[in-house]
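# Structural overview
Letter by letter, the chains look like this.
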Amino acid sequence: MTVESPKTSTAEPADDYLERRTLRRGSAGWLLLTGLGVAYVVSGDYSGWNFGLAEGGFGGLAIAMALMGVMYACMVFSLAELSSVLPTAGGGYGFARRALGPWGGFLTGTAILIEYILAPAAISIFIGDYVESLGLFGLTSGWPVYLACFVVFIGIHLWGVGEALRFSFVVTGIAVAALLVFAVGAFMDFDASKLNDIPVEANAFGSNSWLPMGLLGIWAAFPFGMWFFLGVEGVPLAAEETKDPARTLPRAIRWSMAILVVLALLTFFASAGARGANAIQGAGNPLVEALQPGGEATALSRIVNYAGLAGLVASFFSLIYAGSRQLFALSRAGYLPRFLSLTSSRKAPYLGLLVPGAIGFGLAAATGDGARMLNVAVFGATISYALMSLSHIVLRRREPGLERPYRTPGGMVTSSVALVLACSALVATFLVDVTAALIALAVYVVAIAYFGFYSRKHLVARAPEEEFAALAAAEAELERD
């Protein structure tokens, strides 16, 4: 028996291949998945987005946030449809595999992996910074804290997906509740005149008090506008561990996005209006700074400071989950070494957790540069967004009769908007950090070489995403005959 790849065939794996690579079914309902979607992102409300104020000012970042919010909304509606059609752990890779072929699937999956391996590494550094600033246990930010993060939280994932998602849900709830409390406290000191207090660059085209860096500042702020939503696209990666995924995934994706939009608006306006955009544009903990106009800590600022740590933990924890599932799916189908998709007796992809964890820890300990790693992650994310949006367009055009339990409002117009904005955001990463973009591009090139010279000749036809694509090809051939 042979496996058919696009141009070659290889020996079929043993009969128990998929049995040794299964996840625990039915572990998550829509509520846990909604919490997972928010958990991916919530740390971005506590830190990072405010650096966009230095790129575009309040007005520039506000417009960037609005445009990136539109991009994510359009994209998640498209993903909701795609996840109802193909509810597997492959997520974006599976969608692109069906629409764009093996190369499209691999390019999408690799971009997602870049995002989900680099982002936890960056967040572990931010956790270290918070631990040091709070004086917890006398620890300073460094490799022992980073190692503890990876060991403890990967250990919970190895325990089981149900336990992991419930832990994430609780921590996320704490972080979200604190954001709401922060917004109430900050709006009590709100002053609209503080929103546009960043000095104007007179030589910048189109500059004014609302756009101090000019019109180009809007574009440069795109990557920071993304931080209010970055990661929510990972919800479909839980498909194989979900109850009734065709109905549950679209519902969870929509609710996650709705909650994140509300949190983004509250956080952005409350922070800048309470202290001033100029005062928080370079702060590592902008929400805390917004509550301390005199520099003196208050009871509320301390609560928000601890909650910021909870938010970082929630995002770190959930992004580890997402990365392990994407790696699991690519490995199971033969795009990456197959041993990486082996699962434990508790149905956890243990190597899919341990290997990215080791890479993430190594990067964090070696560089200590969380901002640059996040910029690399954003580069990978924007590539995957463009390819997933394109996948929706291609499937709508090529397979209009495909059964779709959920249909994207606006159809191809919606996914086309997401595609255009994703490409714009990709270019914007070069405006912010050329080095980070080139690093991500270099990793991408190495991965492409591996696929082109080796793994595309060793794909596993029985993997769910490959079977789905093969079925589509067979149906198309029958129609031609």
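See the structure above.
Because the structure is predicted, anything quoted here is derived from the model rather than measured.

All right, on to the pattern of salt bridges then. Overall, the coordinates contain five salt bridges when judged by the stated rule. The salt bridge involving Arg404 is made with Glu81; its shortest N-O contact spans 2.8 Å. With a gap of 323 residues between them, Arg404 in the loop between helix 14 (370-398) and helix 15 (412-432) and Glu81 in helix 3 (residues 52-85) connect regions that are remote in the sequence. Among the residues examined, Arg404 registers a relative accessible area of 9% and is labelled buried.

Let us now look at helix 9 (residues 245-275). Taking 1.5 Å as the rise per residue, helix 9 with 31 residues should run 45 Å; its terminal C-alpha atoms sit 44 Å apart, in good agreement. A positive phi of about 110° marks Gly276, the residue just after helix 9.

A cluster of nonpolar side chains, Phe430, Val434, Leu438, Leu441 and Val445, forms an exposed patch at the surface whose accessible area comes to about 400 Å². Among the elements that line the nonpolar patch, the one with the most residues is helix 16 (residues 434-453), at four residues. Checked against the element boundaries, Val434 lands in helix 16.

Our next topic: the packing of aromatic side chains. Summed over the entire model, instances satisfying the criterion amount to 26 aromatic pairs. Relative to Phe229, the ring of Tyr72 lies with its centre 5.6 Å away and its plane at 35°, an arrangement referred to as tilted. On the criterion of sequence distance, the pair formed by Tyr72 in helix 3 and Phe229 in the loop between helix 8 (222-225) and helix 9 is long-range, its members being 157 residues apart. The class for Tyr72 is buried, based on a relative accessible area of 0%. Residues Phe379 and Phe430 carry aromatic rings whose centres are separated by 5.9 Å and whose planes lie at 80° to one another, so their mutual orientation is edge-to-face. Linking Phe379 in helix 14 with Phe430 in helix 15, this pair joins segments that are 51 residues apart in sequence. Residue Phe379 is classed as buried on the basis of its relative accessible area, which comes to 4%. A relative accessible area of 31% means that Phe430 is categorised as partly exposed. Ring pairing ties together the aromatic residues Trp49, Phe58, Tyr72, Trp210, Phe228, Phe229, Phe268, Phe269 and Tyr385, which thus form one cluster.

Tracing the backbone shows Ala96 in helix 4 (residues 92-134). Look at Ala96 and you get buried, because its relative accessible area is 0%. Residues Ala96 and Phe317, 221 residues apart in the sequence, show an inter-C-alpha distance of 26 Å. Residue contacts for Ala96: discarding those within four places in its chain leaves Gly101, Gly104, Gly105, Thr108 and Ser391.

Taken as a whole, the largest pocket encloses approximately 590 Å³ of empty space. For the largest pocket, the lining is made up of 25 residues, of which Ile114, Ile117, Leu118, Ile359 and Val443 are closest to its centre. Residue assignment for the lining of the largest pocket shows that the elements contributing at least two residues are helix 4, helix 13 (350-367), helix 14 and helix 16. The residue makeup of the lining of the largest pocket, split by class, is 21 nonpolar, two polar and two charged. In this model, the second largest pocket occupies a volume close to 380 Å³.

With 29 residues, helix 14 ought to run about 42 Å at 1.5 Å a step, and its terminal C-alpha atoms sit 42 Å apart, in line with that. When you tally the buried positions in helix 14, you get 23 out of 29 residues, the bulk of the element.

The next point concerns empty space enclosed by the protein. Where empty space is left in the structure can be found by rolling a water-sized probe over the atoms. Going through the model one piece at a time under the given rule, you end up with three cavities of 30 Å³ or more. For the largest cavity, the calculated volume is near 90 Å³. In terms of lining, the largest cavity is formed by Tyr116, Ile117, Pro120, Phe150, Leu319, Ile320, Gly323, Ser324, Gly352, Leu353, Pro356 and Gly357. Its residues assigned to classes, the lining of the largest cavity comprises eight nonpolar, four polar and no charged. If you trace the second largest cavity, you find it lined by Leu79, Gly91, Gly92, Phe95, Ile112, Tyr116, Glu233, Gly234, Pro236, Leu237 and Met388.

Before going further, it helps to spend a moment on the packing of helix 1 (residues 30-41) against helix 12 (residues 299-332). Two elements in contact, helix 1 and helix 12, have axes separated by 7 Å at closest approach and are oriented at 110°. Judged by the angle between their axes, helix 1 and helix 12 are roughly perpendicular. As helix 1 runs across helix 12, the sense of the crossing is left-handed. When helix 1 is examined against helix 12, the residues Leu36, Ala39, Tyr40 and Val41 are found in contact with a partner set consisting of Ala314, Ser315, Ser318, Leu319, Tyr321 and Ala322. Considering only residue class, the contact of helix 1 with helix 12 consists of eight nonpolar, two polar and no charged.

Criteria and thresholds
- Each chain carries its own residue numbering, running from 1 in the written order of its sequence.
- It should be noted that, the model being predicted, local features are given only for residues of pLDDT at least 70 and side-chain atom pairs only at 80 or more, the latter also being counted only at that level, while totals for whole chains, interfaces and linings use all residues.
- Water and hydrogen atoms play no part in the side-chain values, which are based on all heavy atoms of the structure.
- The rule for a salt bridge is simple: a side-chain nitrogen of Lys or Arg has to be within 4 Å of a carboxyl oxygen of Asp or Glu.
- The helix and strand labels rest on DSSP assignments: H or I over at least four residues marks a helix, E over at least two residues marks a strand, and numbering proceeds from the N terminus.
- The buried label applies to any residue whose accessible area, calculated with a 1.4 Å probe on protein chains only, is under 20% of its type's maximum; exposed applies above 50%, and partly exposed to all values in between.
- Multiplying 1.5 Å by the helix residue count minus one yields the expected span of that helix.
- Residues with no salt bridge and a relative accessible area higher than 30% make up the patches, which join like charges within 9 Å and nonpolar side chains (Val, Leu, Ile, Met, Phe, Trp, Tyr) within 5 Å.
- The Shrake-Rupley method, run with a 1.4 Å probe, gives the accessible areas here. Residue values count only the displayed protein chains as cover.
- In this analysis, rings of Phe, Tyr and Trp, with Trp reduced to its six-membered ring, are considered paired at centre separations within 6.5 Å, and the interplanar angle assigns stacked below 30 degrees, edge-to-face beyond 60, and tilted for intermediate values.
- The contact rule is simple, with two residues in contact once any of their heavy atoms fall within 4.5 Å.
- A cavity, in this analysis, means grid points on a 1 Å lattice covering only the protein atoms where a 1.4 Å probe fits yet has no way out; a pocket is instead an open set bounded by protein on both sides within 12 Å along at least five of seven lines, and a residue lines either one if it has an atom within 4 Å of a point.
- Grid points are joined across faces, edges and corners, and a volume is the space filled by probe spheres set on the points.
- All residues other than Ala, Val, Leu, Ile, Met, Phe, Trp, Tyr, Cys, Pro, Asp, Glu, Lys and Arg, Gly among them, are scored as polar; the first ten of these are nonpolar and the last four charged.
- Note on geometry: axes are C-alpha line fits, over the in-contact stretch for helices, and angles between N-to-C directions span 0 to 180 degrees.
- Relative orientations are named as follows: roughly parallel for angles under 35 degrees, roughly antiparallel for angles over 145 degrees, roughly perpendicular for angles from 65 to 115 degrees, and oblique for any other angle.
- Crossing chirality is assigned from the near helix's rotation relative to the far helix, an anticlockwise turn below a right angle marking it left-handed and a clockwise turn marking it right-handed.

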